[in-house]
Amino acid sequence: MEARYAALRRATEEVAAVDAHAHNLVELGSAFPFLRCFSEAEGDALALAPHSLSFKRSLRDIAGLYKCEASLEKVEEFRRAEGLKSISSKCFQAANISAILIDDGITFDKMLDLESHKAFAPVVGRVLRIERLAETIINDESFSGSSWTLDSFTESYVAKLNIAAYRSGLEINPNVSKTDAEDGLRKELTGPRPFRITNKNLIDYLFACSLEIAASFNLPVQIHTGFGDKDLDLRKCNPLHLRAVLEDERFAKCQLVLLHASYPFSKEASYLASVYSQVYLDFGLAIPKLSLHGMTSSVKELLELAPIKKVMFSTDGYAFPETYYLGAKRARDVVYRVLAAACEDGDLSILEAIEAVEDIFRTNALHLYKLNVANGSINHGTTIAGDSVSLSSVEENVLFVRIIWIDASGQHRCRVVPAGRFYEVTRNKGIGLTFAVMGMTSFCDGPADGTNLTGVGEIRLVPDMPTLLRLPWSTCEEMVMADMQIRPGEAWEYCPRNALRKVTKVLLDEFNVTMMAGFENEFFLRRKLVSDGVEQWVPYDNTNYCSTSAFDGASSILQEIYSSLKASDIVVEQLHAEAGKGQFEIALKYILCTLAADKLIYARETIKSVARKHGLLATFLPKPDLNDIGSGSHVHLSLWENDQNVFMGSSKDNFHGMSKTGEQFLAGVYYHLSSILAFTAPHPNSYDRIQPNTWSGAYLCWGKENREAPLRTACPPGVPLDLVSNFEIKSFDACANPHLGLAAIIAAGIDGLRRGLKLPEPIESNPADYASKLQRLPQNLQESVESLSADKVLHELIGDKLVTAAIAIRKAEIDHYAKNPGAFNDLIHLY
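Computed from a predicted structure; not experimentally measured. (Residues numbered from 1 in each chain as written. Predicted model: local features only at pLDDT ≥ 70, side-chain atom pairs only at ≥ 80, totals over all residues. Heavy atoms only, no water.)

1. Digging into helix H5 (residues 84–95)
Part 1 of the argument: Along its 12 residues, H5 runs 16 Å from first to last C-alpha, staying within 8% of the 16 Å computed at 1.5 Å per residue.
Part 2 of the argument: Within H5, burial applies to Leu-84, Ile-87, Ser-88, Cys-91, Phe-92 and Ala-95. One side of H5 holds all its buried residues, which, seen down the axis, span an arc of 125 degrees. In H5, the exposed positions that point more than 90 degrees away from the buried face belong to Lys-85 and Gln-93. (Helix = DSSP H or I, 4+ residues; strand = E, 2+ residues; numbered from the N terminus. Expected span 1.5 Å × (residues − 1). Buried < 20%, exposed > 50% of the residue type's maximum accessible area, 1.4 Å probe, protein only. Arc of directions from axis to C-beta.)

If you want it as structure tokens, here you go:
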């Protein structure tokens, strides 16, 4: 395998790593000797015992670096002869670390200050340990008597990047009252000094305050999880205990980094990172403290569900440069092993694995911690606690940031902010936007009658920073998805992204499952033809389904689209020429539904923009030519509990391959499908596509691998033939706001689960053959709107005001296009 993956091995060894969490070095000959620290570190629950596997391996590694005998005595002798500067240079050079973030909350005798570390790494930053700072403040002689208040106490620390809550456990109560916290502080003050904070109310209150302050400055927060100090209770360090914090809307924008690979709760951490957009993972300390098998297993578990873009490296090095070297050496070896195995299994290509190496060791930390390693600086873009941290000259590389939202008519819209102002102000405070934006139609930039939305009233369009990315087709610009908030931290009830989050939370809270989604993008490429002064957009080609010549003719465009999507962390699973003239399809990877909706929007932006660069028009309109087939945005869906697909049945207990949970959820979608169409097929043009014998799903039915049914259960390769892994909704097109479309589907599924609904028997042939027996799905938008109007479940779960506005928009479009049939011709430029 080594020969096959030589390029991956080389990339793993050569990447200049960012060490996202470490501790100070100490002088040689300190009161905390190397031999004792290395073999039985004070305060470390997992010190390298002299007879452990990891100790023996580490000793050999250090001796190999120093080219001396593999014994503690000879290594110590070499260290004394060489001196701190020499061995530090040797260790850091071998570790290939380009930046270090140091948590100086652990104090050692004669430890070096931050500035001293710059001799060994170009960039050094500080990770501020909150509880240690709090103790320093309280232990100060001036902090006594009755003159203090908790307000002045919490104001003393605002530049925070680290919170360690393992003393009382991770089951944080984010709503501890100020009174209870002050009472806890009083109890702490009655004890001897110096003291450690142990009162849970006080710790929880400081935790919540710290998150609020960190969020206001857009600073990441590191949280100790899993193993660590020897005085912790491991039972209380499972990161799942953080759920109350993660689901508190005040902290929705906090970027939380779970340290120590959360070992032995690595799977739980991976799950959290896959479900919650604000959760990131760091695998320091687990490497190199575990055996090789343990390290490999832990990192593999982290990557099982967590997006690679959210996993980061750190050495968790401390006191001695050898610990940095060991952390980096073992991490590189372990990550190589895990990614090479993923390539062997077909989960990744070699190029994707090499990209993952760069992300894990470098890019993810650079982005999250706002590091500019090339310029040797750390950018926070704000002033914190009186220390001025200047905003980097982002406009040298980025001119504009597009803040994107999708309205209820499915229009992609954006406001553009110069990069300097965005990073200085807008990313935290957002921009103002009129209420009217969520009442607009595809034919008029004004609110439709009946939406109850006007030009009176303003929301904040707040960037969701984890979605920020550089435009691959326009490298001087970035784009970011936005949430609509009525005031800071409070979602507007018309916000589509919040509507999806809200129903997803109900699904998780009531049934402990999440929904995964994978979209297929069908679109037409058209080229401009001017004849006798008349401009026309004609098909790019006239070939057939899966035509090799069609793909060959568009290959250069598709290659650029693919590369741009890949650069945006949007995974393409396959692409081909479709049956329409100049029509193509790009299928995206199956991921958590909230992420899938965002990435679908970015994918459409990418496809349209790259096509425009080539002088072409890419349109996702459902039926741009009434004499040709239509374009859908079919979506594949399944339900997951932790890392298990719970839509799929078992060999002993299943209904046509589905579990009981899967059948009830799909039954809910089945019974609400006519209402759902008002969100997934929301334009009059949508119904020109949904016709019998066009694989678009015209009749109310479902079937296993039946592409004429609107609901198809699927049995892809690798799934036993008597089971199904997911279901597909074919009556979903690109006029839909994907967040609202998925929200409607989940709301229907929740109803199915709540009422224990059952499916009818499947249709196993063309539904048109049963036309006299099957109910026709709505044949026009008016019929689906009438169904939605009467659907109390969707009104309740999605939100009555948002559903009412959507209905008013649909009615306005029905009326307009009925009176102006020629207006359909302009829609190719809008969708």
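2. Observations concerning the environment of Ser-789
Part 1 of the argument: Mapping Ser-789 onto the fold places it in helix H24 (residues 781–789).
Part 2 of the argument: Relative accessible area serves as the criterion here: at 38%, Ser-789 is assigned to the partly exposed category.
Part 3 of the argument: Sequence separation between Ser-789 and Thr-804 is 15 residues; the distance between their C-alpha atoms is 8.0 Å.
Part 4 of the argument: Once you skip the residues sitting within four places of it in the chain, Ser-789 turns out to touch His-795 and Ile-807. (Contact = heavy atoms within 4.5 Å.)

3. With respect to the confidence of the model for the protein chain
Part 1 of the argument: Averaged over all residues, the pLDDT of the protein chain equals 84, while 87% of them reach at least 70.
Part 2 of the argument: This model gives residues 30–49 a pLDDT under 50, and the stretch forms 54 contacts once residues within four places in sequence are excluded.
Part 3 of the argument: For residues 145–164, every residue scores under 50 in pLDDT, and the model assigns this stretch 69 contacts once sequence neighbours within four places are set aside. (pLDDT = per-residue confidence, 0-100.)

4. Observations regarding the packing of helix H21 (residues 660–680) against H24
Part 1 of the argument: Orientation of H21 relative to H24, taken along the N-to-C sense of each, is 115 degrees, at an axis distance of 7 Å. In terms of their interaxial angle, H21 and H24 are classed as roughly perpendicular. Crossing angle aside, the handedness with which H21 passes H24 is left-handed. Touching Ser-674, Ser-675, Leu-677, Ala-678 and Phe-679 of H21 are Ser-784, Ser-787 and Leu-788, all from H24.
Part 2 of the argument: The class makeup of the residues in the contact of H21 with H24 is four nonpolar, four polar and no charged. (Axes fitted to C-alpha atoms, helices over the stretch in contact; angles between N-to-C directions. Parallel < 35°, antiparallel > 145°, perpendicular 65-115°, else oblique. Left-handed = near helix turned anticlockwise from the far one by under 90°. Nonpolar A, V, L, I, M, F, W, Y, C, P; charged D, E, K, R; others polar.)

5. Observations concerning a negative patch on the surface
Part 1 of the argument: Where like charges cluster on the molecular surface, the negative patch consists of Glu-304, Asp-345, Asp-347 and Asp-643.
Part 2 of the argument: Along the polypeptide, Asp-345 turns up in helix H14 (residues 321–345). (Patch = residues over 30% accessible without salt bridge, like charges linked within 9 Å, V, L, I, M, F, W, Y side chains within 5 Å. Areas by Shrake-Rupley, 256 points an atom, 1.4 Å probe, with all protein chains shown as cover. Salt bridge = Lys/Arg side-chain N within 4 Å of Asp/Glu carboxyl O. Lys, Arg positive; Asp, Glu negative; His and termini not counted. Charge placed at Lys NZ, Arg CZ, Asp CG, Glu CD.)

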